[in-house]
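Chain by chain, the residues:
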Amino acid sequence: MDDIAAEHGRAAVRPGGSDIAEGEWSPPAATTDMVSLFAQYERDRYAMYGRHLSEQMVRMLKTIGYDVGFCRGEGPYLYDRQGTRYLDLLSGFGVFALGRNHPTIRAALKSVIDGELPNLVQMDVSTLAGILADRLVRQVPYLDKVFFANSGAEAVEAAIKLARVATGRTGIVYCEHAFHGLTNGALSLNGEDVFRDGFEPLLPDCLSVPFNDLDALERALRSRATAAFIVEPIQGKGVNLPDADYLQRAADLCRRYGTLFVADEVQTGLGRTGRFLAVEHWNVEPDMVLLAKALSGGHIPIGAVLTRRQVFDKVFNRMDRAEVHGSTFAKNDLAMAAGIATLDVLASEGLVDNAAKTGQRLLHALQAMTEQYELLRDVRGLGLMIGIEFGAPKSFKLRASWDLMETARKGLFCQLITIPLFKDHKILSQVAGHASCTIKLLPSLTISDSDCDWIISAFDSVIAASHRVPGAVWTLGKSLITNSLRAGAS
C-alpha cells in the first residue's frame, strides 16, 4: 500500500498492517464499485485510519468500545458487522435530520448525475441554485438573498465578511460557550478554549459576552464599532436555551446600535426544534440566518447565508465585484439538488411537526426522571435537540464516586452513561461538549414512537444502574479513570 516507502527500500504495508516484500505490491486497478471496495477493506478500516489519518481517533474509539465497524445506515438506524441495529442519537451531529440514505435524496442525486447537467460552468448561473434560493426565502420571507457555501463554517466566514462590508465596522460579538466552526474566522468566534488553544492569534476585534446577559451585550455594542452579533438560538455545546426575552431584546439592541443580528441556525435550523427555524419560537427576525448540516440531506456538503437585500447589495455592488466572495464548489448541482429534495421531504413527511411531537414526549419522560434520580440534574431542549445534564449527588456513597470521576477528568461521568447505552442498549450518543456533564440527543427527525420507547427505557435502565454503588457502572468508571490517567501521562 505504501509504494513511496517501497521506492525508498522499505517494505510496504497492506491494509491491516502486514508487511509485503519489496516489489510484490502494486496499486489496484481502478474501480467504480465502491460498495465492493468498502466490503473488501472494511475490516482494515481502523488500521488504515490510524496509519494515514488520526491514530488518536482510533485509540479513543477502541478505549470506549465504539469500534464495532458500522456497515450500513437506514433512517435513524445504523447496523454493525454482525447486522445488529443501533439507534443513532448523534445523526452525524445533525446532518442526518432526514435519516440515513433517504430514498428521495438518493433519487434526486442520481437524477442529477444521470441528467448530465452543465454543472459549475462558472461563466453562467446555476438553475438549481436559483430554485433552492427561492424555496429558502419563501420559508424565511423577511430575508431576500442567499449566498451558498460548502459548510456551516464557511457560512459563518461569509457572514463575517458580509457584515464587515455592509456596516463598515470590524467588530464581531459572540457568546461564551458558542460553537460556530473551526476554520480561522469561525474559530475566532468559538467560546471554548479547547478548540482555540495552539491556533492563536485569531481574527482581531472579536469579543465574547456571556450567553443570556443583555447588559454585557449592550456594553459591547455601545461603542458602535460592532458589525455583527452572531448567536446560536440554542447553544449546541451544552444545549443552553435562551431566556424567554433574550433573543428579542438582543435583536432590539442590535437595531439600536446599528449592529447586524446573525442567527447561526446551522444545527437548530430546518425543523430540529419543532419549527423551521429556532428563532421562530421567540418571534425574532434576524438580518442573517446561517444554515448547513440538515440541508445536505446527509450526502452533499452545503451551507447557506440568508440575508437582507441591503446587506447583500453593499458587498456585491458592482459588476467587477460580482464574485468578490465565493467558493468554487458552493453552488454545485448535487448540493443544490440535495437541498431542494430536503425541503420537499421536510414538508411532505411532516418532519417539523414530528420533531415537535416526539421531542415533547421525550422531554416530558426524561424530565420526570429528575424526581427519581439524584444524579440527574436537568433535562432541557426544544423539539429533537435535548440536553440531559448530570450533577453531583447528595448521598455519601454516590458523592464520593462522583467526585472521584470528576477529579480524574471533568465530564468523565457521562461516559458511564453513554458507554452502557451503546454496549447494552445499542444507542449511539455522546456528550454535548468538552468536559461537559450533559449528554445531547440529536436524532433523526423521522424517529417513531417505538424509538422514543427505546430511548426512554434505555436511559431509565442505565441511570438506575449508575445509582448502585458498588456496581458495574462504577467498575467501568475505575477503568475509565485508569485510561484517563494513562492518556494524561502520554
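Scroll up for the structure.
Computed from a prediction, not measured in an experiment: that's the story for all the values here.

Moving on to helix H14 (residues 333-348). In this model, H14 (16 residues) spans 22 Å end to end at C-alpha, consistent with the 22 Å of a helix rising 1.5 Å per residue. The buried count for H14 comes to 12 of 16 residues, which makes it a mostly enclosed element. Summarising the contacts, the buried residues of H14 are in contact with helix H6 (103-114), helix H7 (127-139), strand S6 (145-149) and helix H15 (351-368). Regarding H14, its N-cap is asparagine 332, as a side-chain oxygen of that residue lies 3.1 Å from the backbone nitrogen of leucine 334 further along. Following H14 by one or two positions, glycine 350 has its phi on the positive side, about 60°.

Two elements in contact, H7 and H14, have axes whose closest approach is 9 Å; the angle formed by their N-to-C orientations is 30°. The two elements H7 and H14 cross, and the hand of that crossing is left-handed. The segment H7 lies against H14, with Leu128, Ala129, Ile131, Leu132, Arg135 and Leu136 engaging Asp333, Met336, Ala337, Gly339, Ile340, Leu343 and Asp344.

A few words now on the pairing of strand S17 (residues 438-441). The side-chain alternation of S17 yields two buried faces, one formed by Thr438 and Lys440 and the other by Ile439 and Leu441. Pairing analysis gives 4 bridges linking strand S14 (residues 385-390) to S17, with the strands arranged antiparallel. Across the sheet, residue glycine 387 finds its bridge partner in S17, namely lysine 440. Examined bridge by bridge, strand S16 (residues 430-431) and S17 share 2 bridges and lie antiparallel to one another. Looking across to S17, one finds that valine 431 is bridged to isoleucine 439. In this structure, the hairpin formed by S16 and S17 is closed by a connection of 6 residues, where alanine 435 is found at a positive phi of approximately 55°.

Considering all chains together, one arrives at 13 aromatic pairs under this definition. Ring centres of tyrosine 77 and tryptophan 454 lie 6.3 Å apart, and the angle between their planes is 25°; this geometry places the pair in the stacked category. Here tyrosine 77, found in strand S4 (residues 77-80), pairs with tryptophan 454, found in helix H18 (residues 449-466); they are 377 residues apart in sequence, far enough to count as distant. Taken individually, tyrosine 77 and tryptophan 454 each receive the classification buried, so the pair is uniform in this respect. Taking 6.4 Å as the distance between ring centres and 20° as the angle between the ring planes, the aromatic pair formed by phenylalanine 147 and phenylalanine 316 counts as stacked. One end of the pair, phenylalanine 147, is in strand S6; the other, phenylalanine 316, is in the loop between helix H13 (309-315) and H14, and 169 residues separate them in sequence. Judged by relative accessible area, phenylalanine 316 falls into the buried class, the value being 16%. Every member of this aromatic cluster is reached through a ring pair, and the members are Tyr66, Phe70, Tyr86 and Phe422. It is arginine 85 that lies over the ring of tyrosine 77; its NZ or CZ is 4.4 Å from the centre. If you follow lysine 237 out to its NZ or CZ, it ends over the ring of phenylalanine 179, 4.9 Å from the centre.

This part is about the nonpolar core. One recurring pattern in soluble globular proteins is that nonpolar side chains are buried together. In this structure, Leu136, Phe148, Phe229, Phe390 and Phe459 are the most contacted members of the largest nonpolar core, which totals 124 residues. In this structure, phenylalanine 390 is in contact with Leu375, Leu376, Arg377, Trp402, Phe413, Cys414, Ile417, Cys437, Ile439 and Ile463, ignoring residues within four places of it in sequence. Phe147, Val156, Ala159 and Val311 belong to the second-largest nonpolar core, a separate cluster that totals 30 residues.

This part is about the sheet that holds S4. Read from one edge to the other, the open sheet built from 4 strands follows the order S3-S4-S5-S15, with strand pairing classed as mixed. Of all the strands in the sheet, just strand S3 (70-74) and strand S15 (427-428) have a single pairing partner and so form its edges.

Looking now at the sheet that holds strand S10 (residues 260-264). With respect to topology, 7 strands assemble into an open sheet ordered S6-S12-S11-S10-S9-S7-S8, the strand pairing being mixed. Each having just a single partner strand, S6 and strand S8 (206-209) make up the two edges of the open sheet. When strand polarity is set aside, the average angle formed by the axes of neighbouring strands in this sheet is 20°. Of the strands in this sheet, S6, strand S11 (288-291) and strand S12 (303-307) are in contact with H7, which crosses S6 at around 125°.

The next subject is the side chain of glutamine 267. Inspection of the secondary structure puts glutamine 267 in the loop between S10 and S11. Within polar-contact distance, the side chain of glutamine 267 engages the side chain of lysine 440 at 2.8 Å. Beyond its immediate stretch of four places on either side in the chain, glutamine 267 contacts Phe93, Gly236, Arg272, Lys293, Met385, Lys440 and Leu442.

Under the criterion given, the structure shown has 19 salt bridges. For aspartate 320, the salt bridge is made with arginine 318, and the minimal N-O distance between the two is 2.9 Å. Among the residues examined, arginine 318 registers a relative accessible area of 47% and is labelled partly exposed. Among the ionic pairs, arginine 361 bridges to aspartate 449, the shortest N-O distance being 3.9 Å.

What counts and how
- Residue numbers here run from 1 along each chain, matching the order of that chain's written sequence.
- Totals for whole chains, interfaces and linings use every residue, but because this is a predicted model, local features are given only for residues with pLDDT of at least 70 and side-chain atom pairs only at 80 or more, for both listing and counting.
- Based on all heavy atoms of the structure, the side-chain values leave hydrogens and waters out of the count.
- Helix and strand labels come from DSSP, where a helix needs a run of H or I of at least four residues and a strand needs a run of E of at least two; each type is numbered from the N terminus.
- To estimate how far a helix should reach, multiply one less than its number of residues by 1.5 Å.
- Each residue is assigned to one of three classes by its accessible area relative to the maximum for its type, calculated with a 1.4 Å probe on protein chains only: buried under 20%, partly exposed between the two thresholds, exposed over 50%.
- Contacts are assigned to residue pairs with any non-hydrogen atoms lying within 4.5 Å of each other.
- Pairs of N or O atoms are called polar contacts if they sit within 3.5 Å, as long as, within protein, a hydrogen donor faces a hydrogen acceptor (for residues adjacent in sequence, only side-chain-to-side-chain pairs).
- Axis geometry follows a simple rule: fit a line to the C-alpha atoms, using only the stretch in contact for helices, then measure angles between N-to-C directions, giving values from 0 to 180 degrees.
- Throughout, a crossing is termed right-handed when the near helix is turned clockwise from the far one, and left-handed when it is turned anticlockwise from it by less than a right angle.
- We treat two strands as partners when DSSP finds at least two bridges between them.
- Between rings of Phe, Tyr and Trp, where Trp is taken as its six-membered ring, a pair exists when centres lie within 6.5 Å; planes separated by under 30 degrees are stacked, by over 60 edge-to-face, and by other angles tilted.
- Lysine NZ or arginine CZ positioned within 6 Å of the ring centre and within 35 degrees of the ring normal marks a charge as sitting over the ring.
- Nonpolar cores are built from buried Ala, Val, Leu, Ile, Met, Phe, Trp, Tyr and Cys residues. Side-chain atoms within 4.5 Å join them into one set.
- Within this document, salt bridges are pairs made up of a side-chain nitrogen of Lys or Arg and a carboxyl oxygen of Asp or Glu, the two lying within 4 Å of each other.

In short, geometric facts, not functional conclusions.
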